[in-house]
Amino acid sequence: MFLKTAKVKGKEYIRIVKSYRDEEGKVKHKTIASLGSVDNLVNLFPFFDKLIEKYIGHKYTSIENINKKENATIYNYGYIVIKEMWNKYDLGEFFERIFKNKKVQFDIVKTIFTLVINRALKSELSKLGYFKRKDIFLMLNEELKHQELYKTLDYLEEIKEELEDYLLKKSINLFNRDLTVTFFDVTTLYFESKIEDEDINVLEILNYTTTNPKYKLQAVRLDTLQTLLTKEKMLKGLRKFGLSKDFKMNDTQIVLSLLIDKDGIPITFDIYEGNKAETKTLIDTIDRLKKRFNLEKVTVVADRGISRWLNLEEIKKRGYEYIVAIRFKRQKELENKILNKLDYNLISFNDNEGYYGYKEFIITQTKKVKENNKFKNITLKHKIISTYSDKRAAKDKKDRDKEIAKLHKKLQNGSAVKKSKYLKVNNSSINDNNNCNLSYEIDFAKIEEDRKYDGFYAIASSDTSITPLEAINIHNNIYEIENSFRDLKSSLNIRPIYHYKKERIKGHIIASFLAYFLLKNIQYKLSNSKKFNQYLTQNNETLSIDKIVESLNSINCVKVDINDNNYYIKIKHSTFASKIIDTLKIK
């Protein structure tokens, strides 16, 4: 039972209310007794204010007693849910230990947590924007100074690998985390900048700093230069123009690689120059994975962009397995096997989605590839699992028809047409001004050729003992890595990036990585709660990072000034937020 206020004809009354569940399991409230109006109770019983505070959780305040609207300030305290996960990982103790001998002049642990909450719940605010509104979170870090945020990014950059190692080992102990299957992909993050970073000649700078002891390095540290000198002579600038996945072709960018487990929880990340090919990032990540985490069996799951044969060969050399999507068009041996529907095995069939089936076969292939300006032959043996789906075939046709319709409209209107595989040059001529006139038309032969591939998809597994359905189910979870990038870019607003120093850029991504790691752990705990899943089913709700962030941002209170006294009054938050608090047992 609990006390509840209710307004009737302009007056507020106190009632004793009992919660119960009806036959359908829904929570209902039943009034046991009405104690009367608040005004009468306070006048009759001077101690009633304290009774209200004890049972409701705050001093009773009538809305009419708030003299002016501007006297009320809203604060968020939903960050306590993230604080619970932070404490479960003992991150405060970890950072205290790491920075014990750094002689930091401010409370760096509190500042790191502040950065994490900024990235998790108010990521639309930049560091400066957050500092100007730092009181948005109830008693989070009221003493925070602006420069402490930026200095903390520098410190975070120094401990990236130690932090990742700690989080991995701790999560294995806490949640028995499964790392036998990992998902890898890359994306790009853009800057509000049109200027590329210059490459630095390490040897020249090292010689200059050695002969000029008063010179202070701004871009890189001396010890970093000495380490780099043993590996390479040039320190490449990060911000470069490259192929943008955000279609920001006129902005500089960096490349971000991310490795996650089957539950979507991040393991490690790295950043590369903005013009680095994504196929070259996988090997670097795998090398670090093997060296740092000492994992015995790992299956790397990736899309077609990563499935270069050099990459697949390197994965096998390191003792790992792979499951990757492959291209089979214009590869005669593969095409003949995959496009033949006669020996496909049924997975499912229904009136809505039609037929869905698979076939499997083991194949040994040899390809000539170029490495370091030299050609070599690579031979790989793997199991091909191809699938055909009426649903995918319908989607392929719909996407193609949509593209052709747009193309046809532009050709009719004489509009500029970007490159399209369904476009061909009809004829060309030279006019009197020696300019070349080109005319285009839709390539119907190409359309007809593409139709035969509708509905087909193929993956390759280096583990030839794997069952087809197991490989299909594993690869189907590739959406987890896609969700991760979407969450980082939308929910956590990881880009655009406004920093220009390498250390700050990396520190910014580490803070975002840690915020995302904690949110994904919260999502993992909720998704494994039977009670929470029942709530989702009964209310037709879905669980996502967006939904978690939205719910935590609804957990607010109001600070009001009444008769020169400050009071904090809880505001009713969303039902979803209440379920999160109950499931995670937040007190």
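Above this text sits the structure in question.
Summarised in this report is the structure supplied together with it. Please read these numbers as outputs of a predicted model, since none were measured by experiment.

**Observations regarding the overall build of the chain**
Reasoning step 1: Helix and strand counts for the chain come out as 21 helices and 19 strands.
Reasoning step 2: Counting all 587 residues of the chain, 46% fall into the buried class.
Reasoning step 3: Relative to all contacts within the chain whose residues are 6 or more apart in sequence, the contacts with residues 24 or more apart total 66%.
Reasoning step 4: When the accessible area of the chain is evaluated, it comes to approximately 33,300 Å², of which 48% is carbon and sulfur surface.

**Let's talk about the environment of Ala577**
Reasoning step 1: Inspection of the secondary structure assignment puts Ala577 in helix 21 (residues 575–584).
Reasoning step 2: Sequence separation between Ala577 and Val549 is 28 residues; the distance between their C-alpha atoms is 9.5 Å.
Reasoning step 3: Contacts of Ala577, omitting those with residues within four sequence positions, involve Ser551, Ser554 and Ile555.

**A word on the packing of aromatic side chains**
Reasoning step 1: As enumerated under the stated definition, the model contains 19 aromatic pairs in all.
Reasoning step 2: Centroid distance Tyr388 to Phe456: 4.9 Å. Interplanar angle 50 degrees. Geometry classified as tilted. Here Tyr388, found in strand 14 (residues 374–389), pairs with Phe456, found in strand 17 (residues 456–461); they are 68 residues apart in sequence, far enough to count as distant. As far as burial versus exposure is concerned, Tyr388 and Phe456 are alike and both buried.
Reasoning step 3: An aromatic cluster of at least three residues, connected via ring pairs, comprises Tyr79, Trp86, Phe94, Phe95, Phe99, Phe113, Phe137, Tyr155 and Tyr166.
Reasoning step 4: If you follow Lys83 out to its NZ or CZ, it ends over the ring of Phe113, 4.6 Å from the centre.
Reasoning step 5: Taking the ring centre of Tyr388 as reference, the NZ or CZ of Lys341 above it sits at 4.2 Å.

**Things to note about the sheet that holds strand 10 (residues 299–302)**
Reasoning step 1: Taken together, 9 strands build an open sheet; the order of strands is 9-8-5-10-11-17-14-13-12 and the sheet is mixed. The open sheet has two free edges, formed respectively by strand 9 (266–273) and strand 12 (345–350), since each of these has just one partner strand. In this sheet, neighbouring strand axes are inclined to one another by 25 degrees on average, regardless of whether the strands run parallel or antiparallel.
Reasoning step 2: When strand 8 (residues 253–261) meets strand 9, the two strands line up antiparallel, connected through 7 bridges. In the strand pairing of strand 9, Leu259 is matched with Thr268.
Reasoning step 3: The sheet strands contacting helix 16 (residues 468–476) are strand 5 (181–190), strand 10, strand 11 (321–325), strand 12, strand 13 (354–371), strand 14 and strand 17, and the helix crosses strand 13 at an angle near 80 degrees.

**Topic: the packing of helix 11 (residues 281–293) against helix 12 (residues 309–317)**
Reasoning step 1: Look at helix 11 against helix 12: their axes get within 9 Å of each other, and the N-to-C directions meet at 10 degrees. Relative to helix 12, the element helix 11 is oriented roughly parallel. In this structure, helix 11 uses Leu282, Ile283 and Ile286 to contact helix 12, whose residues at the interface are Asn311, Glu314 and Ile315.
Reasoning step 2: Each residue belonging to the contact of helix 11 with helix 12 can be placed in one class, and the counts come to 4 nonpolar, 1 polar and 1 charged.

**Some words on the pattern of salt bridges**
Opposite charge on two side chains permits pairing when their charged atoms draw close.
Reasoning step 1: Enumeration according to the criterion identifies 23 salt bridges in this entry.
Reasoning step 2: Glu143 is the salt-bridge partner of Lys110, the closest N and O atoms lying 3.4 Å from each other. Taken together, the residues Lys110 in helix 5 (residues 108–121) and Glu143 in the loop between helix 6 (127–132) and helix 7 (146–158) connect sequence positions 33 residues apart.
Reasoning step 3: Look at Lys110 and you get partly exposed, because its relative accessible area is 31%.
Reasoning step 4: You can call Glu143 exposed: its relative accessible area is 52%.
Reasoning step 5: Three or more residues joined by partner-sharing salt bridges are found here, namely Glu313, Glu371 and Lys376.

Rules behind the numbers
Residues numbered from 1 in each chain as written. Predicted model: local features only at pLDDT ≥ 70, side-chain atom pairs only at ≥ 80, totals over all residues. Heavy atoms only, no water. Helix = DSSP H or I, 4+ residues; strand = E, 2+ residues; numbered from the N terminus. Buried < 20%, exposed > 50% of the residue type's maximum accessible area, 1.4 Å probe, protein only. Contact = heavy atoms within 4.5 Å. Areas by Shrake-Rupley, 256 points an atom, 1.4 Å probe, with all protein chains shown as cover. Phe/Tyr/Trp six-rings, centres within 6.5 Å; stacked < 30°, edge-to-face > 60°. Lys NZ or Arg CZ within 6 Å of the ring centre and 35° of its normal. Pairing = 2+ DSSP bridges. Axes fitted to C-alpha atoms, helices over the stretch in contact; angles between N-to-C directions. Parallel < 35°, antiparallel > 145°, perpendicular 65-115°, else oblique. Nonpolar A, V, L, I, M, F, W, Y, C, P; charged D, E, K, R; others polar. Salt bridge = Lys/Arg side-chain N within 4 Å of Asp/Glu carboxyl O.

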